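# Structure assessment
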2 protein chains.
Amino acid sequence: MLIHSATQLLTLTGGPQRGRDLGNLGLIENGAVLIRDEKIVAVGPTPELRAAHPDEPGLDATGSVVMPGFVDPHTHLIWGGDRAAEFEMKMGGMAYLDILASGGGILSTVHATRTASIESLIAQTRSRLLRMFATGTTTAEAKTGYGLQTATELRLLKALLALDDEGPLELAFTFLGAHAIAPEFKDDPQGYTDLVSQTMLPILREWWETHAPGRPLPFVDVFCENKAFDLAQARQILTQARSLGFPLKIHADEFDNLGGASLAVELGAASADHLVKTSEADIAALGSSDTVAVSLPCTPFGLAESEYTPAQKILDAGGILALATDLNPGTTWNESMQFVIALACRMLKLTPAQAIVASTINSAHAIRRADRVGSLEPGKQADLLILSVPDYRHLGYRYGTNLVKQVIKRGRVYSVDVGYYRTA
Amino acid sequence: MLIHSATQLLTLTGGPQRGRDLGNLGLIENGAVLIRDEKIVAVGPTPELRAAHPDEPGLDATGSVVMPGFVDPHTHLIWGGDRAAEFEMKMGGMAYLDILASGGGILSTVHATRTASIESLIAQTRSRLLRMFATGTTTAEAKTGYGLQTATELRLLKALLALDDEGPLELAFTFLGAHAIAPEFKDDPQGYTDLVSQTMLPILREWWETHAPGRPLPFVDVFCENKAFDLAQARQILTQARSLGFPLKIHADEFDNLGGASLAVELGAASADHLVKTSEADIAALGSSDTVAVSLPCTPFGLAESEYTPAQKILDAGGILALATDLNPGTTWNESMQFVIALACRMLKLTPAQAIVASTINSAHAIRRADRVGSLEPGKQADLLILSVPDYRHLGYRYGTNLVKQVIKRGRVYSVDVGYYRTA
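In this text the structure is predicted, and so the values were computed from the model without any measurement.

### Quick word on the overall build of chain A
- A count of helices and strands for chain A gives 16 helices and 17 strands.
- Its C-alpha radius of gyration of 21 Å places chain A within 12% of the 22 Å reference for a compact globule of 424 residues.
- In terms of overall dimensions, chain A has a C-alpha envelope of 70 × 55 × 50 Å along the principal axes.
- In chain A, buried positions account for 63% of the 424 residues.

Right, dumping it as structure tokens:
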């Protein structure tokens, strides 16, 4: 199949794009992409590719931007229940402790997740994957973390593996048993830390060989914040994970600066995520490392807070910046990377081009899938978007509705409906 | 047709909801709505309505919220061209004067609008109406204002009348010849003010009788801000409009407080809109009037500004608060009232229930259509939404994707596709 006549073809070739180099779209006007057997075979100007492949069936992208599918490198997309009532209480001005007392907060999601069947978890999560895919996310990271006990955490992984098999959205897996202190260890956070590092991780290692044979090991992630895991506990868990062969991620500096980003760099983590209260020293560490700095602007937005990732400082330091939704039931239930881009332009002061790079090739690096996704280059998976707009800058500029017209995943074309039809 | 078994039916009965009374949804669990001949005949619990109408064809709303269609009372939805390039310059840090010098700003839209054919304007606008309708707006106000010369302003009205005839989205019309000083009058704002009040308005009055016979007169609106129309000029235009029988609206306090809101109250305007820099005196005036205070939170959001309408003060003063998109190419290109609700919860500190009232029955009052739309009451138009969620609080809580499943306009059912399908 030859996708041709794209008004703008964004190739995102090369990368990751570091520091002030961020924003190179590799734009080809009147571009074309040749796809065979789920992969990209050639990319270039339409006249050139059409001349070389005169009989190839075509897909006309006139008037459209064609670009790589979004890679969302940080989500908590599997959970049970919802926290709509808690949102109303928060907006009504209720204090967080009162919300907790009335059954809100992360532990309400843990309870709903623990008591849900795997079938129910899969069904609830599938509805979110549908919204992600329809808004252009073709690959997403997916974390466990609402189980906080071995059996439930593994049930979440099992559900995620099944959803990945089902497709079309492709998942990268992360074990986040250290998302919060389990309620059973409320007064003994070190006890839960030991459970995660000494019991859960070895079990996970064996479980993975049986249940996901041949797949790369999942990431192991820790929520390094006050009232969750302190720096020593995060180090304990991540060091153990590394010794077992797991690649690493960290939640750092969402509310407090504990040094988690520098720890991520020290341990060679794939990414350090959130990065709001990040110190100059942590920014410098990120800037001279390959650990991707993943900003989650929907989280402060969702919480109506005014402080965001110091993205410009991270770019000044030479860091590799990526963007993600942080999709979760407590702070930000938004599936769309398009909205992340719109927010990043306004709150992180990125240009649309920079935000696009941070949502494709750089975010692919954050989940170590840049060999397969995140750009349009020969040999990579044919994961593409056809937008209903002729200029990439409509991403960011416009928000609130879906600008994706077609999603192509591993060479298969899916149409997204922007609109409605009369049924009665 | 009997829409039945709605998990939550929001009737929004009565209204407008003033001050601290804002937020009464008139919620009926397991609710039903009987529709005949484009109108609502009865509203109540499902068992009751089903017993009274056992043979009525049903539409099952199990698991869904059923509520009135959104009424968007402030849009500039008709224009030519776009300003995506300008957005990129702004996010890249370019100063406004440099953007103007490189051809940006409102006058670039005026140029693109003046040079567009009516067919092109209708086609461009139709694509936006589609997004509005698919995200649940069943009635919207639509302003002229990118012509700034008599012929183009009337061409815009003609296009809007044609789009309203085409449906299904229903429009309320506003003449905004006084949107900005026309470029020909750059150094003579009073000259343009005189042209609008003494020439355009009388011509409009006659034109309307010929081109829209039997329809209520459009609103006349003025942009009362520094560098646009000062308070005396706004008074001149609105007083003349009132003497010709036009209902009134005003843009006030987006950037500067000139007293426009109090002027609106004094002249009995249907609404005063924007209201960011509004003074205590203006808030007090609104609070004791029937002039609806229309907040446009997408405008500061779109511009990445941090100051929003002092909504809580307006409620404390007893004002009638409504919400709108302000859809326009310069400051906020967002068609979705769902996103307005999400933003209003976070930035104006409204509860989801308050934001819903401000987007339905109160916004219907802002365009003086509350006799026909904005609530589910016998005798009103059958303009309803069926949401894909079981609890109204998902509006506000969730954002970035479309929670509407079906839109019913004048009794006709339109399905909205949330999702995708494989085509190749």
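There is more to say after this.
### Looking at the sheet that holds strand 13 (residues 321-323) of chain A
Residue and element names in this part refer to chain A.
- Spatially, 6-7-8-9-10-11-12-13 is the arrangement adopted by the 8 strands of the open sheet, whose pairing is parallel. With one partner strand each, in any of the chains shown, strand 6 (70-72) and strand 13 form the two edges of the open sheet. Across the sheet, the mean angle separating the axes of adjacent strands is 25 degrees when strand polarity is ignored.
- Across 5 bridges, the pairing between strand 9 (residues 219-224) and strand 10 (residues 248-252) is parallel. In the strand pairing of strand 10, Phe 223 is matched with His 251.
- On top of the sheet, helix 6 (residues 150-166) reaches strand 7 (137-143) and strand 8 (170-178); it is set at about 175 degrees to strand 8, its chief contact.

### Focus on the domain arrangement of chain A
All names here are of chain A.
- Split by domain assignment, chain A resolves into domain 1 (2-68 + 376-423) and domain 2 (70-366).
- Here the C-alpha centre of domain 2 lies 29 Å away from the C-alpha centre of domain 1.
- In this complex, domain 1 contributes 36 residues to the contact, which on the side of domain 2 involves 35 residues.
- Of all residues in domain 1, Arg 18, Arg 20 and Leu 22 bury the most surface against domain 2, accounting for 24% of the area lost on that side.
- In this structure, the connection of domain 1 to domain 2 is made through 4 salt bridges.
- The partner of Arg 18 in a salt bridge is Asp 290, and the shortest N-O contact between them spans 2.7 Å.
- Our enumeration of links across domain 1 and domain 2 arrives at 18 residue pairs in polar contact (both at pLDDT 80 or more).
- Of all elements in the fold, only strand 5 (65-68), helix 16 (394-397), strand 15 (404-409) and strand 16 (412-416) reach the threshold of two or more residues within the side of domain 1 that touches domain 2.
- Sorting elements by how many residues they give to the side of domain 1 that touches domain 2 places strand 15 first, with 4 residues.
- Among the residues forming the side of domain 1 that touches domain 2, the class breakdown is 18 nonpolar, 10 polar and 8 charged.

### A closer look at the sheet that holds strand 9 (residues 219-224) of chain B
All names here are of chain B.
- Pairing is parallel in the open sheet, where 8 strands are placed in the order 6-7-8-9-10-11-12-13. With partners counted over all chains shown, the strands left at the sheet margins are strand 6 (70-72) and strand 13 (321-323), one partner each. Adjacent strand axes in the sheet meet at a mean angle of 25 degrees when their direction is disregarded.
- Looking at chain direction, strand 11 (residues 271-274) and strand 12 (residues 292-295) are connected through 4 bridges and run parallel. Residue His 274 lies in a different strand from strand 12, and its bridge partner there is Ser 295.
- Strands strand 6, strand 7 (137-143) and strand 8 (170-178) of the sheet are contacted by helix 5 (residues 118-134), whose axis makes an angle of about 140 degrees with strand 7.
- Packed onto the sheet, helix 7 (residues 189-211) meets strand 8 and strand 9 and runs at close to 145 degrees relative to strand 8.

### Structural notes on the interface of chain B and chain A
- Contacts between chain B and chain A engage 59 residues on the former and 59 residues on the latter.
- Summed over both partners, the interface of chain B with chain A buries about 5700 Å², with 60% contributed by carbon and sulfur atoms.
- For the pair chain B and chain A, the number of links is 4 salt bridges.
- Between chain B and chain A we count 26 residue pairs in polar contact (both at pLDDT 80 or more) in total.
- Elements represented by at least two residues in the side of chain B that touches chain A include exactly helix 2 (84-91), helix 5, helix 11 (298-302), helix 13 (337-347), helix 14 (352-358), helix 16 (394-397), strand 16 (412-416) and strand 17 (420-422) of chain B.
- Of the residues belonging to the side of chain B that touches chain A, the class tally is 31 nonpolar, 16 polar and 12 charged.

### Things to note about the relation of the copies chain B and chain A
- Rotating chain B by 180 degrees and translating it 0.0 Å along the rotation axis places it on chain A, where the RMSD comes to 0.0 Å. Overall, the copies show the geometry of a two-fold rotation axis.
- A shared interface surface links the copies, since 100% of the contact residues of chain B are contact residues in chain A too.

### Topic: the nonpolar core
- Leu171(A), Phe339(A), Leu171(B) and Phe339(B) are the most contacted members of the largest nonpolar core, which has 239 residues in total.
- When residues no more than four places from it in sequence are discounted, the contact partners of Phe339(A) are Cys298(A), Phe301(A), Asn334(A), Tyr399(A), Phe301(B), Phe339(B) and Tyr399(B).

### Overview of helix 6 (residues 150-166) of chain B
Residues and elements named next belong to chain B.
- Taking 1.5 Å of rise per residue, 17 residues should cover 24 Å, and helix 6 covers 24 Å from first to last C-alpha, within 8% of that figure.
- Those residues of helix 6 that sit buried are Thr 152, Glu 153, Leu 154, Leu 156, Leu 157, Ala 159, Leu 160, Leu 161, Leu 163 and Asp 164.
- For helix 6, the elements touching its buried residues are helix 4 (106-114), helix 5, strand 7, strand 8 and helix 7.
- Looking one or two residues past helix 6, Gly 167 carries a phi angle of roughly 65 degrees, positive in sign.

What counts, and where the lines are drawn
- Residues numbered from 1 in each chain as written.
- Chains lettered and ligands numbered in written order.
- Predicted model: local features only at pLDDT ≥ 70, side-chain atom pairs only at ≥ 80, totals over all residues.
- Heavy atoms only, no water.
- Helix = DSSP H or I, 4+ residues; strand = E, 2+ residues; numbered from the N terminus.
- Rg over C-alpha atoms; globule rule 2.2 N^0.38 Å.
- Buried < 20%, exposed > 50% of the residue type's maximum accessible area, 1.4 Å probe, protein only.
- Pairing = 2+ DSSP bridges.
- Axes fitted to C-alpha atoms, helices over the stretch in contact; angles between N-to-C directions.
- Contact = heavy atoms within 4.5 Å.
- Domains from an automatic or database assignment.
- Buried area = accessible area lost by both parts, 1.4 Å probe.
- Salt bridge = Lys/Arg side-chain N within 4 Å of Asp/Glu carboxyl O.
- Polar contact = N/O pair within 3.5 Å; in protein donor to acceptor, adjacent residues only side chain to side chain.
- Nonpolar A, V, L, I, M, F, W, Y, C, P; charged D, E, K, R; others polar.
- Least-squares fit on C-alpha atoms with pLDDT ≥ 70 in both.
- Core = buried A, V, L, I, M, F, W, Y, C linked by side-chain atoms within 4.5 Å.
- Expected span 1.5 Å × (residues − 1).

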